[in-house]
Amino acid sequence: MTSTSPPVALHHADHPGPGPGLLLVHGWGGDGGDWAPTLPYWRHRVIVPDLRGHGRSPKPPSGYGPRDFAADLADLLGRLDPGPVIAVGHSMGAQAVTALAVEHPQFVRALVVVDSAYGADEGEAVRIPGEQEELRREGAEWAARFVDSAFRPGAHDQLRDRQRTLMARMDPEVLVQCRDGMYLAPDAFGLRPATRAYLARRECPVLGVYATTAAADFERGTLTQPGSRVEVFEDCGHYLHEERPRELTSLVQEWAAPF
């Protein structure tokens, strides 16, 4: 197992309900509130953390790779003891729950990745180092442009404004370290073919939900476990769970019922 920084105690919400439990993990620059639009529709116990450096969770000086996030999530689940959960992650959170399933498989019965941040192609691999330099120079302004591009133009203004506000509150150094951990660190699995090698280690069923057919096709090519599948939400932006919360919760619960 790759070395990680010591776990931190994550701020979280724990909504009661019947099992199996659901773990909902937000993406880069967000917080657990990203999942608020989905909460009325779940029929499970739902655990919603803020990742380290985000929201109301502690902000250590380093340790912002997906395995660090996964160690924090494993620590949280070990303390809450919900049993193996359906781990749902959006974007960077999809990397975090994937690492949780790979490095701490005893905590995960099924995995849901929502517009995951892994599988970056050659074009993205070329762009990312330059983007990191821009992020270091511009901080929140660069992150705000990312948010603007992640929603469909003219749609969901309130959701977009909320994400922009969260980004503006973030420590820019944490934002940089998170992207380094996803794509540029020696053990990162955000770029192909590292993604393929790491995803091959998943041992539980996987549901992938994507906004584009290209990303969905890549995920589909990595699936090996029985019951796994991929769906595409057409005409949707990156924040699928916020734009279409009822549709996403219905899909996840229908798919996960046998597990």
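Everything below is about the structure printed above this text.
Overview of the structure.

## Things to note about the nonpolar core
Counting residues in hydrophobic clusters, the biggest one holds 56 residues, and the most contacted among them are Leu23, Trp28, Leu73, Ala87, Leu100 and Leu111. With eight residues, the single largest contributor to this core is helix 2 (residues 92–103). For Leu23, the contacting residues outside a window of four places in its chain are Ile47, Pro49, Leu73, Leu77, Val85, Ile86, Ala87, Val88 and Leu100. Among the nonpolar cores identified, the runner-up in size contains 22 residues, and Ile86, Val114, Ala211 and Leu251 belong to it.

## Examining the environment of Gln158
The topology assignment puts Gln158 in helix 5 (residues 157–169). The exposure class of Gln158 is exposed, given its relative accessible area of 71%.

## A short note on the packing of helix 3 (residues 122–138) against helix 6 (residues 172–184)
Interaxial distance between helix 3 and helix 6 falls to 10 Å at its minimum, and their mutual angle equals 170 degrees. Taken together, the axes of helix 3 and helix 6 lie roughly antiparallel to each other. Of the residues in helix 6, those in contact with Ile128, Pro129, Glu131, Gln132, Leu135 and Arg136 of helix 3 are Leu175, Val176, Arg179, Asp180, Tyr183 and Leu184. Its residues assigned to classes, the contact of helix 3 with helix 6 shows seven nonpolar, one polar and four charged.

## Description of the packing of aromatic side chains
This model, assessed by the stated rule, comprises six aromatic pairs. Considering the side-chain rings of Trp28 and Phe146, the 5.2 Å spacing of their centres and the 90 degrees angle between planes classify their relative orientation as edge-to-face. Here the residue Trp28 occupies a position in the loop between strand 2 (22–25) and strand 3 (46–49), and Phe146 occupies one in helix 4 (residues 140–150), the gap between them amounting to 118 residues. We classify Phe146 as partly exposed; its relative accessible area is 24%.

## Considerations on the packing of helix 4 against helix 5
One way to put it is that helix 4 packs onto helix 5 with a least axis distance of 9 Å and a crossing angle of 160 degrees. Regarding the angle of helix 4 to helix 5, the classification is roughly antiparallel. Two packed elements cross with a definite hand, and for helix 4 against helix 5 that hand is right-handed. Judged by residue contacts, Ala140, Ala143, Ala144, Phe146, Val147 and Asp148 of helix 4 engage Arg160, Gln163, Arg164, Met167 and Ala168 from helix 5.

Each value, and the rule that gives it
- Residues numbered from 1 in each chain as written.
- Predicted model: local features only at pLDDT ≥ 70, side-chain atom pairs only at ≥ 80, totals over all residues.
- Heavy atoms only, no water.
- Core = buried A, V, L, I, M, F, W, Y, C linked by side-chain atoms within 4.5 Å.
- Buried < 20%, exposed > 50% of the residue type's maximum accessible area, 1.4 Å probe, protein only.
- Helix = DSSP H or I, 4+ residues; strand = E, 2+ residues; numbered from the N terminus.
- Contact = heavy atoms within 4.5 Å.
- Axes fitted to C-alpha atoms, helices over the stretch in contact; angles between N-to-C directions.
- Parallel < 35°, antiparallel > 145°, perpendicular 65-115°, else oblique.
- Nonpolar A, V, L, I, M, F, W, Y, C, P; charged D, E, K, R; others polar.
- Phe/Tyr/Trp six-rings, centres within 6.5 Å; stacked < 30°, edge-to-face > 60°.
- Left-handed = near helix turned anticlockwise from the far one by under 90°.

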